Amino acid sequence: MRRFQSVTVVGAAIMVTTAGLLTGCTRNQPVGNSGGRINPYATTRADEASEAANMAALWEYSDQVAQALARRIGAIPEITSAPTRVIVELGAIENQTNTPRGDFELIQRRLRSKLFSSDIVTANVKFVESVQAMDAEARRVQGGQTDPLQRDYAQGQTDRYDLAQTYVLRGSFFESRRGDTRRYFFEFNLVNIQSRAIVFNEPFDLAQQRR
């Protein structure tokens, strides 16, 4: 399985930090049962036996994308030259693998959450939810009623943004099989809706053998 150095450093840092915290806790508290909890970056026997993509690798990949976007966003001319913070929402997921779509939706959501913790990213980006979801919420909050003197929420009039300043974070996931060996190619793209230009791309290669 191919791993990038940045991913390895993240995993190692987390394990070291976790070990330090646990050491500190054991000095003051009795050690209890873990209740089945494990390090989310650990590969389990279930992962090795599964036909789906290794979940620990997906965890690492979402870390990698978040780090890469935070590092590069200040060098993307379309974003840094925008008059205001650009708009970003989660885009479509293309799943051409035997891994459940929900696994990829999970890491896409996790990726957005991690990007929220970056001051560099949030200084340049405003994250929004989908129009459909927020129009539905607006109708729910209004009790299904509309105010003719204000916005007609039944017609979907939550805020709309300039398409030239709007981007979607899309994910594409592909798989190739040879016997019990599976090879994957993953990528997340940040795409401008109006120009269709890809301003950010982060790929990931993964190979695993089922046991």
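Refer to the preceding data block for the structure.
Conventions and cut-offs
- Residues numbered from 1 in each chain as written.
- Predicted model: local features only at pLDDT ≥ 70, side-chain atom pairs only at ≥ 80, totals over all residues.
- Heavy atoms only, no water.
- Helix = DSSP H or I, 4+ residues; strand = E, 2+ residues; numbered from the N terminus.
- Expected span 1.5 Å × (residues − 1).
- Buried < 20%, exposed > 50% of the residue type's maximum accessible area, 1.4 Å probe, protein only.
- Contact = heavy atoms within 4.5 Å.
- Pairing = 2+ DSSP bridges.
- Core = buried A, V, L, I, M, F, W, Y, C linked by side-chain atoms within 4.5 Å.

## As for helix α5 (residues 101–116)
- With 16 residues, α5 extends 23 Å between its outermost C-alpha atoms, agreeing within 8% with the 22 Å of an ideal straight helix rising 1.5 Å per residue.
- If you check which residues of α5 are buried, you get D103, F104, I107, Q108, R110, L111, R112 and L115.
- Elements that come into contact with the buried residues of α5 comprise α3 (55–72), β1 (86–96), α6 (119–124), β2 (125–127), β3 (166–178) and β4 (181–192).

## Details of the pairing of β4
- Most of β4 sits inside the fold, with 10 of its 12 residues counted as buried.
- By the bridge criterion, 12 bridges tie β3 to β4 in an arrangement that is antiparallel. Across the sheet, residue G171 finds its bridge partner in β4, namely F188.
- Hairpin connection of β3 to β4: 2 residues between the antiparallel strands, including G179 at a positive phi of 65°.
- Pairing of β4 with strand β5 (residues 198–209), which is carried by 11 bridges, proceeds in the antiparallel orientation. Bridge pairing links E187 to P203 in β5.
- The antiparallel hairpin formed by β4 and β5 contains 5 residues in its connecting segment, where R196 sits at a positive phi of about 65°.

## Some details on the nonpolar core
- Among the nonpolar cores identified, the biggest contains 38 residues, and F186 and L190 are the most heavily contacted of them.
- No other element matches the 10 residues that α3 contributes to this core.
- In this structure L190 touches L69, I79, V88, Y167, V168, L169, A197, I198, V199 and F200, once residues within four positions along its chain are discounted.

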